[in-house]
Amino acid sequence: MRAARRIPYVNQGIVMACTLAFVLGVPPETLAFVPAYFFGTVETAGPLPTWAVWRGLFGHVLIHSDIVHLVSNMLALWAFGGAVELAMGSLRYLLFFLLCAVAGAVVEGALAVDLMAPLVGASGAICGVMGAFLLLHPQATLGVTPGPRVPASFVVGSFLAINVAMTLMPPAPDSAMGDVAWAAHLGGFGAGMALVALFRRPGVALWSVARLGTAAKAAVYLTLVVVLLRTL
């Protein structure tokens, strides 16, 4: 008898929810995460025990600033999230995704220069998913069939390197790259790679150090290149 094909319902549901929120034009201020309200400022003591603060801590993943922001995030989530959900189970994947979102928001808020700048987008949580994918499937490839395929470890390692470089040497606030929450990405990556061992199904294998050579090389080399270019 043929085994039933498992479907990543939670991952698909997140994609649909983010898309629906964008189409409906949900006001960003209703779900954005504002670090000042969580960490506190001279005027306010945080974390404030209000529904708005905790709603933003989780709900910011649903809000995207424009169509490019939405499509790029949803494509990444579609590419990496399904496999991670199947390796964890749906309920554990949902909790994992939310914890990565929180980690990204908290790290971004802790390093933010402007604590009143709102954080929106699912990229922090998606970076957690990418980190988990790297440890679960270090030899996987990405691409459209028919066509060339690229090692997923190279893609994830390169993206991680860019985020490390941009966090160490932040772009000018008024530049196009200045609005990107680089620290949120790193917070998500860290949470995802730390939590995957806890959330995976029993018997699901993790990485070996030897298999992560491509990701490690990509991360180190591209970090050095980006840092060098930004110092010129």
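A quick note: this is a predicted structure, and the numbers were derived from the prediction, not measured.

I keep staring at the packing of aromatic side chains and nothing clicks. Help me out?
Two aromatic rings, taken as a pair, are described by how far apart their centres are and by the angle between their planes. A full pass over the atoms with the stated rule returns seven aromatic pairs. Centroid distance Y93 to F97: 6.3 Å. Interplanar angle 45°. Geometry classified as tilted. You can see Y93 and its partner F97 sitting in helix α6 (residues 90–111), four residues apart, about one turn around the helix. Exposure class is identical for Y93 and F97. Each is buried. Taken together, F33, F38, F39 and W54 form an aromatic cluster joined through their ring pairs.

Where do I start with helix α1 (residues 9–24) in this structure?
Along an α-helix, residues three or four positions apart point the same way, because every turn accommodates 3.6 residues. Compared with an ideal rise of 1.5 Å per residue, which puts 16 residues at 22 Å, α1 spans 22 Å between its outermost C-alpha atoms and is within 8% of the ideal. Within α1, burial applies to V10, N11, I14, V15, C18 and A21. All buried residues of α1 lie within an arc of 145° about the axis, which places them on one face of the element. Every exposed residue of α1 that faces more than 90 degrees away from the buried side is listed here: Y9, M16, V23 and L24. Tucked inside the fold, the buried residues of α1 contact α5 (67–88) and α6. With its phi angle positive at about 70°, G25 sits one or two positions after the end of α1.

Just to check I follow, could you spell out a nonpolar patch on the surface for this structure?
Side chains of I67, V68, V71 and L75 sit close together on the surface and give an oily, nonpolar patch of about 380 Å² of accessible area. Mapped onto the fold, I67 is located in helix α5. On the basis of relative accessibility, which here comes to 48%, the residue I67 falls in the partly exposed class.

Is there a simple way to explain the packing of helix α8 (residues 152–168) against helix α9 (residues 182–199) in this structure?
When two helices pack together, you describe them by how their axes are tilted relative to each other and by the distance separating the axes. Here α8 crosses α9 at 130°, and the two axes come no closer than 8 Å. One way to sum up the angle between α8 and α9 is to call them oblique. Of the two elements, α8 crosses α9, and the hand of that crossing is left-handed. Contacts from V156, F159, L160, I162, N163, V164, M166 and T167 in α8 reach W182, A183, H185, L186 and F189 in α9.

What counts and how
Residues numbered from 1 in each chain as written. Predicted model: local features only at pLDDT ≥ 70, side-chain atom pairs only at ≥ 80, totals over all residues. Heavy atoms only, no water. Phe/Tyr/Trp six-rings, centres within 6.5 Å; stacked < 30°, edge-to-face > 60°. Helix = DSSP H or I, 4+ residues; strand = E, 2+ residues; numbered from the N terminus. Buried < 20%, exposed > 50% of the residue type's maximum accessible area, 1.4 Å probe, protein only. Expected span 1.5 Å × (residues − 1). Arc of directions from axis to C-beta. Contact = heavy atoms within 4.5 Å. Patch = residues over 30% accessible without salt bridge, like charges linked within 9 Å, V, L, I, M, F, W, Y side chains within 5 Å. Areas by Shrake-Rupley, 256 points an atom, 1.4 Å probe, with all protein chains shown as cover. Salt bridge = Lys/Arg side-chain N within 4 Å of Asp/Glu carboxyl O. Axes fitted to C-alpha atoms, helices over the stretch in contact; angles between N-to-C directions. Parallel < 35°, antiparallel > 145°, perpendicular 65-115°, else oblique. Left-handed = near helix turned anticlockwise from the far one by under 90°.

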